[in-house]
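This is what each chain is made of:
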Amino acid sequence: EKAGYDHFMLKEIYEQPRSIRDCLRGRISPSEGTVQLGGLKDYDEKLKNANRIIIIACGTSWHAGLVGEYLIENYARIPVEVEYASEFRYRNPVVSEKDIVIAISQSGETADTMAAIELAKSKGALILGICNVVGSSITRLTDGGAYTHAGPEIGVASTKAFTAQVTVISLMAFYMAQLRETTSPTVLKELITELDSIPTLVEKCLATEEATKYIAEEIKDAVSCLFLGRGTGFPVALEGALKLKEISYIHAEGYPAAEMKHGPIALIDDELPVVVVATKTSSYKKVLSNIQEVKARKGKVIAIITEGDEKIKKEADFVIEIPDAHESYLPLLATVPLQLLSYHVALLRDCNVDQPRNLAKSVTVE
Ligand code: M6R
């Protein structure tokens, strides 16, 4: 069942080029620069005139929602709020029939997400779903949506479901942009063409496994670990930290890089590994100066960089090189080495990678 891999998690990490490809199949036309999503098309008018989108999810799926916020706001120009389902459901939120809710859930059975959907539905919002498990409870509660098509995910730590969720939310952002004409057709065409090549780039990211094994040795005894990123790198930092704490039981925190000086900088000493998403995006220079600030306090910097970036190689203690891509796709690429890193740290610490203590694959009670 594990197809020769030691753990489901590793198998599922390696399945990502395939799962992302499956997720894209039949939904994009790079030659025309268009996106088709059958499960959204009945709501074209509503999407065209949308006032606001509320994304509801928990855990890793919530991180995929944060990526969605960047992409939908940037390309479709619709204001987005990303909510923890557990908070939303008890907050007496302001929701109306003018709102569109997108619920994201791998299992489609998460109790808090279901309750949040019911609440939004009772207030008249349109509910769209992004689920992996076909026919799951959430798919029956939603008005429309799109499956992730990642295939069964057995490892408790979500990996291929996350990248598939990010792929779907990217497709939704482009679909809405196309409907609303908020992004030029030329730009959309370039983005869609590049999206088509993402599975190949994810394959290259898998080649970072050797580097992550080596770095895992360096951080396996850490008490705590900080993950920093900006822009689309911020959800990556959160996801990297969640993966590490879930399966290796090392305390980890993800932070927007710029927030470091508002508190976490006090933690930095020569014992603290700081993982920085530092690829060549629009915030590159700012992240580089965050790295220098960490180094000035003797922190141990592990940087995820764009391949060939000699500058950061000189500053950081360790680097993991990933292929260059548009920053909208950074989460699809940079998350992969962080999955591998947490996997190898967990192995070195003799943890139960596929079934970490105290965790269940789907959280069906609140
Ligand atoms: O099935 P869901 O996507 O609704 O699950 C949400 C979270 O419980 C889930 O992502 C959890 O955080 C994972 N264990 C993360 O790896």
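What counts and how
- Residues numbered from 1 in each chain as written.
- Predicted model: local features only at pLDDT ≥ 70, side-chain atom pairs only at ≥ 80, totals over all residues.
- Heavy atoms only, no water.
- UniProt positions renumbered as here; feature names shortened; annotations may be inferred.
- Axes fitted to C-alpha atoms, helices over the stretch in contact; angles between N-to-C directions.
- Helix = DSSP H or I, 4+ residues; strand = E, 2+ residues; numbered from the N terminus.
- Parallel < 35°, antiparallel > 145°, perpendicular 65-115°, else oblique.
- Contact = heavy atoms within 4.5 Å.
- Nonpolar A, V, L, I, M, F, W, Y, C, P; charged D, E, K, R; others polar.
- Salt bridge = Lys/Arg side-chain N within 4 Å of Asp/Glu carboxyl O.

Looking at an unreviewed UniProt entry, the chain carries the name Glutamine--fructose-6-phosphate aminotransferase [isomerizing], with the source organism given as Albibacterium profundi. What the UniProt record of the chain gives under Subcellular location (unreviewed entry) is the line "Cytoplasm". Within the UniProt record for the chain, the comment given under Subunit (unreviewed entry) is "Homodimer."

J.: When you look at the packing of helix α4 (residues 59-76) against helix α11 (residues 233-248) in this model, what are you seeing that I'm missing?
T.: Packed helices, taken two at a time, are described by the angle their axes make and the gap between the axes. Taken N-terminus to C-terminus, the directions of α4 and α11 make an angle of 170°; their axes are 9 Å apart at the nearest point. By the angle class used here, α4 and α11 are roughly antiparallel. For the pair formed by α4 and α11, the contact residues are G59, T60, W62, H63, L66, V67 and Y70 on the first element and F234, P235, L238, E239, L242 and K243 on the second. Each residue belonging to the contact of α4 with α11 can be placed in one class, and the counts come to eight nonpolar, three polar and two charged.

J.: Looking at this structure, how should I read the pattern of salt bridges?
T.: Proximity of charged atoms lets side chains of opposite charge pair with each other. Within this structure, the stated rule accounts for 22 salt bridges. One salt bridge in this structure joins K48 and E45, with 3.6 Å as the shortest N-O distance. Remark: E45 and K48 occur in helix α3 (residues 44-48); sequence separation between them is three residues, near one turn of the helix. Here R89 and D112 are joined by a salt bridge, their closest N and O atoms 2.6 Å apart. Separated by 23 residues along the polypeptide, R89 in the loop between α5 (85-88) and β5 (99-105) and D112 in helix α6 (residues 111-122) bring together distant segments of the chain. When salt bridges with common partners are traced through the structure, they connect K11, E15, R18, D22, R25 and K160 into a single cluster.

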